[in-house]
Amino acid sequence: LAHFLKQVVIPNLISEFQLGLSSPDGPALTMLLHMRGINVRYLGHIPQLVQSQLPALARLCVQEMVVRSAKHLLAAQLRN
């Protein structure tokens, strides 16, 4: 399943971005991934594929990963 996601589903999503059919922000990107059956754990795979063609999307993915990581770290700190 992971191979199918990486070889078919994610490239199809990226081609939609290249055609301008979608231009999401952070939360919309997460929702778009889920709508296509892509778990957020594959978010790090997208910047590797689009770094040269869609640098804004690559930055958005990295920002979303940083924000999600910070959220988990801060939540753990606040619980203590």
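Bear in mind that the values here come from a model prediction, so they are computed numbers and not experimental data.

Cut-offs and rules
- Residues numbered from 1 in each chain as written.
- Predicted model: local features only at pLDDT ≥ 70, side-chain atom pairs only at ≥ 80, totals over all residues.
- Heavy atoms only, no water.
- Helix = DSSP H or I, 4+ residues; strand = E, 2+ residues; numbered from the N terminus.
- Buried < 20%, exposed > 50% of the residue type's maximum accessible area, 1.4 Å probe, protein only.
- Contact = heavy atoms within 4.5 Å.
- Areas by Shrake-Rupley, 256 points an atom, 1.4 Å probe, with all protein chains shown as cover.
- Polar contact = N/O pair within 3.5 Å; in protein donor to acceptor, adjacent residues only side chain to side chain.

K.L.:
Can you walk me through the overall build of the protein in this structure?
P.N.:
When you go through the protein residue by residue, the secondary structure sums to 4 helices and 0 strands. What you see in the protein, going N to C, is helices and strands ordered as α-α-α-α. If one aligns the C-alpha atoms of the protein with their principal axes, the spans along those axes are about 45 × 30 × 20 Å. Taking all 80 residues of the protein together, the buried fraction comes to 34%. Put simply, 52% of the contacts in the protein that link residues at least 6 apart link residues at least 24 apart. Entry remark: accessible area of the protein is about 5400 Å², with carbon and sulfur atoms responsible for 59%.

K.L.:
Would you explain the side chain of Thr-30 in this entry?
P.N.:
Along the polypeptide, Thr-30 turns up in helix α2 (residues 26-35). Within the local environment of Thr-30, its side chain forms a polar contact with the side chain of Glu-64, the two groups lying 3.4 Å apart.

These values are about where atoms sit, not about what they do.
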